[in-house]
Amino acid sequence: MKELVVISGKGGTGKTSITAAFASLAQNSLLCDSDVDAADLHLLLCPQVREQHDFIGGSKAEIDQQRCTGCGICVERCQFSAISKDFVVDPLECEGCGVCRAFCPDDAITFTPRTCGAWFISDTRFGPMVHARLGIGEENSGKLVSVIRKAARELAEDRGYRLTVTDGPPGIGCPVIAAITGATAVLIVVEPTLSGLHDMERVADLAAHFRIPAMVCINKYDLNRDMTAVIEAQSSRRDLLSVGRIPFDSSFTRAMVEAQTIHEYSPGSDLSKIVESIWHNIMTAECMNKPERHVLPTIR
Amino acid sequence: MIISVASGKGGTGKTTVSTNLAASLDRELRLLDCDVEEPNVHLFIKPEHQHSSVQTTFVPVIDASRCTGCGECAALCEFNALAVIGKKVLVFPELCHSCLGCQMICPEAAISDGKRELGTIETGTWRHILFSYGRLRVGEAMSPPLISRVQALIQPQELVIVDAPPGTSCPAIAAMKHSDFVLLVTEPTPFGLHDLKLTVEAVRQLGKPCGLVINRADIGNHDVYRYAERESLPILMEIPFQRSIAELYSKGRLLVEESEEWRRSYAQLFDKISAICAAEEVTP
Ligand code: SF4
Ligand code: SF4
Ligand code: SF4
Ligand code: SF4
């Protein structure tokens, strides 16, 4: 199975609208929204949930005030200043390391795994979709991304799908690392701005670090043509395949308001054709047509 | 007073707001870019006299000559950063959360201090602004420790503007939790609204006062406005979609440098925030 992950560095570059457009073009494929922190793909694809699973993330410490003798050992050992002077754990500060429990002489600390979110297998009008929701303020988004990628892979193998198109998370930290490690290729959606260029370089460095081939697509390219040229030059210097440019067009926003993909909102339009040609360039790219590897990420 | 500028998703104009707000004021302040995965503020506020400091965190180093392979360290580690194979301990430093538990528990004192680079903190000045930002090392998975290091620069009684990372999970919370006010930047689109709702929930859990800046105010639809009214969220500023504004941004230029009118709007935005904080009994 091939896995294409659409990322952007910053988010807000039109990544999700473009991923949804690809969903309507892709054949024999599965969708995965690995932006578990601020998932938006479901707003366009309106998935019907078929299966729901709890996501069990890390544990947090809790002190049983009845058993606690106030010796202060836990406060001293906690590296994250998560325990107050009166021996209450602040769940926002607790890293879930379990050190306090390991050293409490009176066995006064409980440390249980918690449900930190949920993940779903759903049906959409473009095929099945795997997606998730991380609880507010939770850690372990990388672990949740690994969980849904594994679920997507199993589902694809089960039902004979050949391709997964993934809407990736923003940034370069744990969720992105979990989303791209071992993927066939990433598509970086970038806007022609100084910050867009900067974000693209960071995320391209990340892809290179994990040896994932990367392609680049410039969205709203006509907002700054000089910067578009700089980004394309930078892409070719880095051996990133430029798969196309998309003009600024408010149809993307209007389609979003209607919960439609661009091909449903304006079929046959120039914009739709441009996205089709980008999709064609991606699917015929050398990196998407290499013999397959089988590596799963190991973020925990 | 500490003002965090946050948004549910990236690309809504958070950096535009934090940089223009900081540049519009004529008093000394500290500006911190805590979006350490994709810092952008330095592209707009180009600091002088910059210096860089490498930030590292603890990872265990096993002294094979002392280690008996008892496995206590691996049993304690919650993050699978240690594994005992036969009598040998394997360390996966990128998974370590630096809790020191392994070092504390080892009966043979076989674990010494190693280091993993988190990234760097860059500091400099730009006119009245003391500016610092974190830059996460490419390949480093954990951003909260570096965000905390950037936040640790804050001195009591200072005016601080924090550019927080997008989202509602641990990095965003790490950046917002010490602030007195959270300024939420959103777009009036379905995606913008959906992500805004999550962020408002997070801010309310933290118990912080907040207000909205609506960017590209004339695209999308009116649902954000209805939501703001229903939730009694004050709309403190609206920025229209204008190609000229988008172009300035694309070149890394500040709106308040080009337009006195916008400078005044941003100064007023600050006054509104101060008034809300005063009402909440936070001293600016
Ligand atoms: S180590 Fe245990 S007994 Fe001692 S203060 Fe902490 S919780 Fe209480
Ligand atoms: S589990 Fe770790 S971080 Fe949490 S309170 Fe205990 S020692 Fe501190
Ligand atoms: S606890 Fe110490 S002695 Fe035991 S396996 Fe770990 S390093 Fe070796
Ligand atoms: S410091 Fe903590 S997280 Fe790191 S290896 Fe030791 S026990 Fe594991």
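Predicted model only: the values in this text are computed from it and were never measured.

1. Observations concerning unusual backbone geometry
So, point 1. The backbone phi angle of Ser81(A) is positive, close to 45 degrees, even though this residue is not glycine.
So, point 2. With a phi angle near 55 degrees, Asn80(B) is a residue other than glycine that sits in the positive phi range.
So, point 3. For Asn80(B), the location among the structural elements is in the loop between helix H2 (72-76) and strand E4 (82-85).
So, point 4. Taking the relative accessible area as the measure of exposure, Asn80(B) reaches 36% and is therefore partly exposed.

2. What about the site of ligand 1?
So, point 1. For ligand 1, the full set of nearby residues is Ile63(A), Cys68(A), Thr69(A), Gly70(A), Cys71(A), Gly72(A), Cys74(A), Phe87(A), Cys104(A), Pro105(A), Asp106(A) and Ile109(A).
So, point 2. Taken together, the residues of the shell around ligand 1 break down into 8 nonpolar, 3 polar and 1 charged.

3. A word on the interface of chain B and chain A
So, point 1. Between chain B and chain A, the residue contacts involve 61 residues of the former and 62 residues of the latter.
So, point 2. Between chain B and chain A, the buried area comes to about 5100 Å², and carbon and sulfur atoms account for 61% of it.
So, point 3. Interface area lost by chain B to chain A is led by Glu38(B), Val138(B) and Phe191(B), which between them contribute 15%.
So, point 4. Summed over the shared surface of chain B and chain A, the number is 3 salt bridges.
So, point 5. Salt-bridge contacts for Lys177(B) lead to Glu93(A); the nearest nitrogen and oxygen are separated by 3.4 Å.
So, point 6. Taken together, chain B and chain A are joined by 21 residue pairs in polar contact (both at pLDDT 80 or more).

4. Quick notes on the domain arrangement of chain A
So, point 1. Looking at chain A, the domain boundaries give domain 1 (2-46 + 125-288) and domain 2 (61-115).
So, point 2. Inter-centroid distance (C-alpha atoms) of domain 1 of chain A to domain 2 of chain A is 41 Å.

5. Describing the side chain of Lys208(B)
All names here are of chain B.
So, point 1. With respect to the helices, strands and loops of the structure, Lys 208 is situated in the loop between helix H6 (190-206) and strand E10 (210-215).
So, point 2. Buried within the structure, Lys 208 lacks any salt-bridge partner; its nearest side chain of opposite charge belongs to Asp 180, at an N-O separation of 6.0 Å.
So, point 3. Side-chain polar atoms of Lys 208 contact the backbone oxygen of Ser 179, separated by 2.9 Å.
So, point 4. Sequence-distant contacts of Lys 208, defined by excluding residues within four places in its chain, comprise Met 176, Lys 177, His 178, Ser 179, Val 182 and Val 203.

6. Observations regarding the domain arrangement of chain B
Residues and elements named next belong to chain B.
So, point 1. What the domain assignment lists for chain B is domain 1 (2-55 + 119-282) and domain 2 (57-117).
So, point 2. Once you take the C-alpha centre of each, domain 1 and domain 2 turn out to be 39 Å apart.
So, point 3. The partner domain 2 presents 7 residues to the 8 residues of domain 1 that form the contact.
So, point 4. Summed over both partners, the interface of domain 1 with domain 2 buries about 590 Å², with 48% contributed by carbon and sulfur atoms.

7. A few points about helix H5 (residues 141-159) of chain A
All names here are of chain A.
So, point 1. Spanning 19 residues, H5 covers 27 Å between terminal C-alpha atoms, matching the ideal 27 Å at 1.5 Å per step.
So, point 2. Of the positions making up H5, those classed as buried are Ser 141, Gly 142, Leu 144, Val 145, Ser 146, Ile 148, Arg 149, Ala 151, Ala 152, Arg 153, Leu 155 and Ala 156.
So, point 3. Where H5 is buried, its residues meet strand E1 (2-7), strand E2 (29-33), strand E3 (48-63), strand E4 (109-124), strand E5 (127-134) and helix H6 (174-180).
So, point 4. Just downstream of H5 lies Gly 160, where phi reads positive at about 75 degrees.

Conventions we followed
- Residues numbered from 1 in each chain as written.
- Chains lettered and ligands numbered in written order.
- Predicted model: local features only at pLDDT ≥ 70, side-chain atom pairs only at ≥ 80, totals over all residues.
- Heavy atoms only, no water.
- Helix = DSSP H or I, 4+ residues; strand = E, 2+ residues; numbered from the N terminus.
- Buried < 20%, exposed > 50% of the residue type's maximum accessible area, 1.4 Å probe, protein only.
- Near = heavy atom within 4 Å.
- Nonpolar A, V, L, I, M, F, W, Y, C, P; charged D, E, K, R; others polar.
- Contact = heavy atoms within 4.5 Å.
- Buried area = accessible area lost by both parts, 1.4 Å probe.
- Salt bridge = Lys/Arg side-chain N within 4 Å of Asp/Glu carboxyl O.
- Polar contact = N/O pair within 3.5 Å; in protein donor to acceptor, adjacent residues only side chain to side chain.
- Domains from an automatic or database assignment.
- Lys, Arg positive; Asp, Glu negative; His and termini not counted.
- Expected span 1.5 Å × (residues − 1).

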